[in-house]
Amino acid sequence: MRSAWARVALGLLVLAALPLRADDFDAWVLNRGEIRRVGHPTETRLPVGSLQKPFVARAWAASHPTAPAPSFTCTRSSGCWRPAGHGTLDLRGALRESCNTYFRFLARETEPSALAAAFRAAGFDWSGELTDAEAIGLPGFSPVTIGPERLLASYVDLVRTPWSEREDVRLEVLAGLRDAAQEGTASGLGLWGFLAKTGTVPAIDGTPLR
């Protein structure tokens, strides 16, 4: 069960590639493939699960100035959200599939200070040191939280603003988000030419996501 916040978040992020400023957006709902404007979003701060993963990639890029983005193999024994595993993925493929195993590996390979800096710059709040499970928003761990407007602004910045430290990695991230909308975890949108990232937000009003 997920709330209207979840529908708003996904609709906003799908639309982040449009030629608008972050402050041009009201809230949008995605329901049964239809996107419609519903007014200004709530400021409730919640954990957003896999919507954190592109910012793990940015943190990794900041602490690896020359290395190519790694490949990693997700197997049946990895404990990923897909029981059979995803096989061997590069960064683009890991974003397309939202592979937990890959991004936990990426978080472990990232300097803690770089991870914290990337998350703070994106507007996330948390307490203590970020573990790899917390960095990718796995449920049951100390939550990292953010409000929907701040999350949207960070995704707009991701889409529009080059990374001075590793623009090649940002372009791979965007390619993965494009693939996610076309053939990955967000392919249910049925929309081409968009960038999208799926994530889970806990219910605050008991409203199911359909």
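Here, every reference points to the structure presented above.
The sections below set out a description of the structure shown in this document. Since the structure is predicted, the reported quantities are computational estimates derived from the model, not experimental observations.

1. Focus: the pattern of salt bridges
- Inspection of the entire model under this criterion finds 10 salt bridges.
- Of the charged contacts, one joins arginine 58 and glutamate 165 as a salt bridge, the two residues approaching to 3.3 Å between their closest N and O atoms. With arginine 58 in helix α2 (residues 53-63) and glutamate 165 in the loop between α7 (148-160) and α8 (167-183), this pair connects stretches of sequence that are 107 residues apart.
- On the basis of relative accessible area, arginine 58 is assigned to the partly exposed category, the value being 27%.
- Glutamate 165 gets classed as partly exposed once you look at its relative accessible area, which sits at 29%.
- Between aspartate 179 and arginine 92 there is a salt bridge, with the nearest N and O atoms lying 2.5 Å from each other. Linking aspartate 179 in helix α8 with arginine 92 in helix α3 (residues 91-97), this pair joins segments that are 87 residues apart in sequence.
- Exposure remark for aspartate 179: the relative accessible area of 7% places this residue in the buried category.

2. Concerning helix α5 (residues 112-122)
- Listed as buried for α5 are Ala114, Leu115, Ala116, Ala118, Phe119 and Ala122.
- Next to the buried residues of α5 lie α2, α6 (132-135) and α7.
- Backbone geometry just after α5 places glycine 123 at a positive phi near 100°.

Cut-offs used in this document
- Residues numbered from 1 in each chain as written.
- Predicted model: local features only at pLDDT ≥ 70, side-chain atom pairs only at ≥ 80, totals over all residues.
- Heavy atoms only, no water.
- Salt bridge = Lys/Arg side-chain N within 4 Å of Asp/Glu carboxyl O.
- Helix = DSSP H or I, 4+ residues; strand = E, 2+ residues; numbered from the N terminus.
- Buried < 20%, exposed > 50% of the residue type's maximum accessible area, 1.4 Å probe, protein only.
- Contact = heavy atoms within 4.5 Å.

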